[in-house]
Amino acid sequence: MKRPPPEFDGFAQLDSAEPTLVAAHLFVRAFGAKNTSAAGARLKWYPIITELARLAGCESEFRLFGGGERSDAIGAIATECILLWESGLLAARRNEDVLLLRAGATALSSPDPVRTVWQRVTTA
């Protein structure tokens with residue numbers, strides 16, 4: 001399966017983007033992957049961070065968990081996205097995983113998943 005193109009032009013644009021928009025795109029990319037779009041699906045931190053880097057088109061720049069200012073910033077953005085998912089009742093942290101909730105699975109199956117997720121996290 002071919003990867004979708006980046007939504008943001010580099011880290012600076014990702015970092016300055018509206019958090020709810022980043023959260024919506026990241027949710028669809030992370031959970032929309034094969035075998036993770038059903039309620040109860042779980043993701044670890046690494047795939048979420050990887051998809052966040054891909055959103056910015058700069059995954060090779062992020063030496064994941066390698067430390068440093070950019071690594072810390074990416075971790076903060078990912079955490080903010082997860083908190084927004086939780087506020088929209090789309091996903092929830094459980095131990096070291098992020099668990100897809102029923103509303104999240106429903107959002108992923110909607111005609112426009114990014115818009116549906118964005119609406120949920122914006123109005124939460």
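Look a little higher up for the structure.
The rules behind these values
Residues numbered from 1 in each chain as written. Predicted model: local features only at pLDDT ≥ 70, side-chain atom pairs only at ≥ 80, totals over all residues. Heavy atoms only, no water. Helix = DSSP H or I, 4+ residues; strand = E, 2+ residues; numbered from the N terminus. Buried < 20%, exposed > 50% of the residue type's maximum accessible area, 1.4 Å probe, protein only. Contact = heavy atoms within 4.5 Å. Areas by Shrake-Rupley, 256 points an atom, 1.4 Å probe, with all protein chains shown as cover. Pairing = 2+ DSSP bridges. Axes fitted to C-alpha atoms, helices over the stretch in contact; angles between N-to-C directions. Parallel < 35°, antiparallel > 145°, perpendicular 65-115°, else oblique. Left-handed = near helix turned anticlockwise from the far one by under 90°. Nonpolar A, V, L, I, M, F, W, Y, C, P; charged D, E, K, R; others polar. Salt bridge = Lys/Arg side-chain N within 4 Å of Asp/Glu carboxyl O.

**Q** Just to check I follow, could you spell out the overall build of the protein chain for this structure?
**A** Along the backbone of the protein chain there are 6 helices and 3 strands. The linear arrangement of helices and strands in the protein chain, starting from the amino end, is α-α-β-α-α-β-β-α-α. Within the protein chain, buried positions represent 44% of all 124 residues. Taking the intrachain contacts of the protein chain between residues at least 6 apart in sequence as the baseline, contacts between residues at least 24 apart amount to 65%. Split by element, the accessible area of the protein chain, about 7000 Å² in all, is 52% carbon and sulfur.

**Q** Explanation requested: the side chain of His25 in the structure shown.
**A** The residue His25 is located in helix H2 (residues 19–31) in this model. Setting aside anything within four residues of it in sequence, one finds His25 in contact with Glu7, Phe8, Leu55 and Val114.

**Q** Is there a simple way to think about the sheet that holds strand E2 (residues 91–94) in this case?
**A** Sheets are built from strands paired through backbone hydrogen bonds, the pairs being either parallel or antiparallel. Read across the sheet, 3 strands follow the order E1-E3-E2 without closing on themselves; strand pairing throughout is antiparallel. If you trace the sheet from one side to the other, it starts and ends with strand E1 (42–43) and E2, each paired once. Here E1 runs beside strand E3 (residues 97–100); their pairing, made up of 2 bridges, is antiparallel. Following the sheet pairing, Leu43 is matched in E3 by Val98.

**Q** Help me understand the packing of H2 against helix H6 (residues 113–123), please; the structure alone is not making it clear to me.
**A** The interhelical angle for the contact between H2 and H6, taken along N-to-C directions, is 130°, at an axis separation of 8 Å. On the basis of the axis angle, H2 is oblique to H6. The way H2 lies across H6 gives a crossing that is right-handed. Here Thr20, Leu21, Ala23, Ala24, His25, Phe27 and Val28 of H2 lie close against H6, whose contacting residues are Pro113, Val114, Val117, Trp118, Val121 and Thr122. Per-class residue counts for the contact of H2 with H6 are 10 nonpolar, 3 polar and no charged.

**Q** Sorry, what's going on with the pattern of salt bridges here?
**A** Oppositely charged side chains can pair when the atoms bearing their charge come close. Taken as a whole and judged by the stated rule, the model has 5 salt bridges. Salt-bridge contacts for Lys44 lead to Asp97; the nearest nitrogen and oxygen are separated by 2.6 Å. Note that Lys44 is positioned in the loop between E1 and helix H3 (45–56) and Asp97 in strand E3, a separation of 53 residues in sequence. Residue class for Asp97 comes out buried when judged on its relative accessible area of 11%. If you follow the salt bridges from partner to partner, you end up with Arg42, Lys44 and Asp97 in one network.

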